[in-house]
Amino acid sequence: MPGVLSGQVRYVQIPALTSRPLWLSEHYWPGLADGLVLAQVQRCALVPDGVRWLATVVVPGQQTAFGLFTALDGSDVERALTVAGARSDRVSAALQVTAAEVRPTGRAHDQLRKDMR
């Protein structure tokens, strides 16, 4: 496989799409200490009904966070974050792709073992 070094083959499973669109909120809180950034992130998790908080990624030392939500529309996420006291700088449509442990079997497993030697 071009561009893949021997022993570095990785199987990735792409999950099924959720029934509701995903939205990514971007937050930049300049001048806030890291502890206060975490307090703001907790507010993101307290969004009202109609919007569901899934996760937040904080970039330490940069007063930045990215929230992942499901809702029917991005404007629903913006309103919910404002009500929760964690207004965002931008809300964008998003896709969530995660890696899962997949163990190859049969020929794929045998080839992977050979490649890793």
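Before reading further, recall that the structure is shown in the block above.
Being a predicted model, the structure only gives us computed values, none of them experimental.

## Re the side chain of Gln40
Tracing the backbone through its elements, the reader meets Gln40 in helix α1 (residues 34–44). Take Gln40: its relative accessible area is 11%, and that puts it in the buried class. Of the polar contacts made by the side chain of Gln40, one reaches the side chain of Arg43; its length is 2.6 Å. If sequence neighbours within four positions are ignored, Gln40 has contacts with Trp29, Leu32, Gly85 and Ala86.

## A short note on the side chain of Ser88
Turning to its location among the elements, Ser88 is positioned in the loop between α2 (74–84) and β4 (90–94). Discounting chain neighbours no more than four positions away, the residues touching Ser88 are Ser25, Glu26, His27 and Leu81.

## Side note on the pattern of salt bridges
For side chains of opposite charge, pairing can occur when their charged atoms come near one another. Within the structure shown, the criterion is met by 2 salt bridges. Residues Arg90 and Glu26 are paired through a salt bridge, measuring 3.1 Å at the closest nitrogen-oxygen approach. Placement of the pair is Arg90 in strand β4 and Glu26 in strand β1 (residues 22–28), with a sequence separation of 64 residues. Note on Arg90: relative accessible area 48%, which makes it partly exposed.

## Digging into the nonpolar core
Listed in full, the 11 residues of the largest apolar core are Trp23, Cys44, Val47, Val51, Phe69, Ala71, Val77, Ala80, Leu81, Ala86 and Val91. Counting residues per element, this core draws most heavily on α2, which supplies 3 residues. Setting aside chain neighbours within four positions, we find Val51 in contact with Phe69, Thr70, Ala71, Asp76, Val77 and Ala80.

## Some remarks on the sheet that holds strand β2 (residues 52–59)
One open sheet accounts for 4 strands, arranged β2-β3-β1-β4; its pairing is antiparallel. Each edge of the sheet is formed by a strand with only one pairing partner; in this case those strands are β2 and β4. Averaged over all adjacent pairs, the angle separating strand axes in this sheet is 25 degrees, with direction ignored. Sheet topology note: the β1/β4 ladder contains 5 bridges and is antiparallel. If you follow Leu22 over to β4, its bridge partner there is Ala94. Across the sheet, α2 lies against β1, β3 (64–70) and β4, angled at about 40 degrees from β1, the strand it touches most.

So, how was this worked out
Residues numbered from 1 in each chain as written. Predicted model: local features only at pLDDT ≥ 70, side-chain atom pairs only at ≥ 80, totals over all residues. Heavy atoms only, no water. Helix = DSSP H or I, 4+ residues; strand = E, 2+ residues; numbered from the N terminus. Buried < 20%, exposed > 50% of the residue type's maximum accessible area, 1.4 Å probe, protein only. Polar contact = N/O pair within 3.5 Å; in protein donor to acceptor, adjacent residues only side chain to side chain. Contact = heavy atoms within 4.5 Å. Salt bridge = Lys/Arg side-chain N within 4 Å of Asp/Glu carboxyl O. Core = buried A, V, L, I, M, F, W, Y, C linked by side-chain atoms within 4.5 Å. Pairing = 2+ DSSP bridges. Axes fitted to C-alpha atoms, helices over the stretch in contact; angles between N-to-C directions.

The values reported here are purely geometric and, on their own, carry no functional implication.
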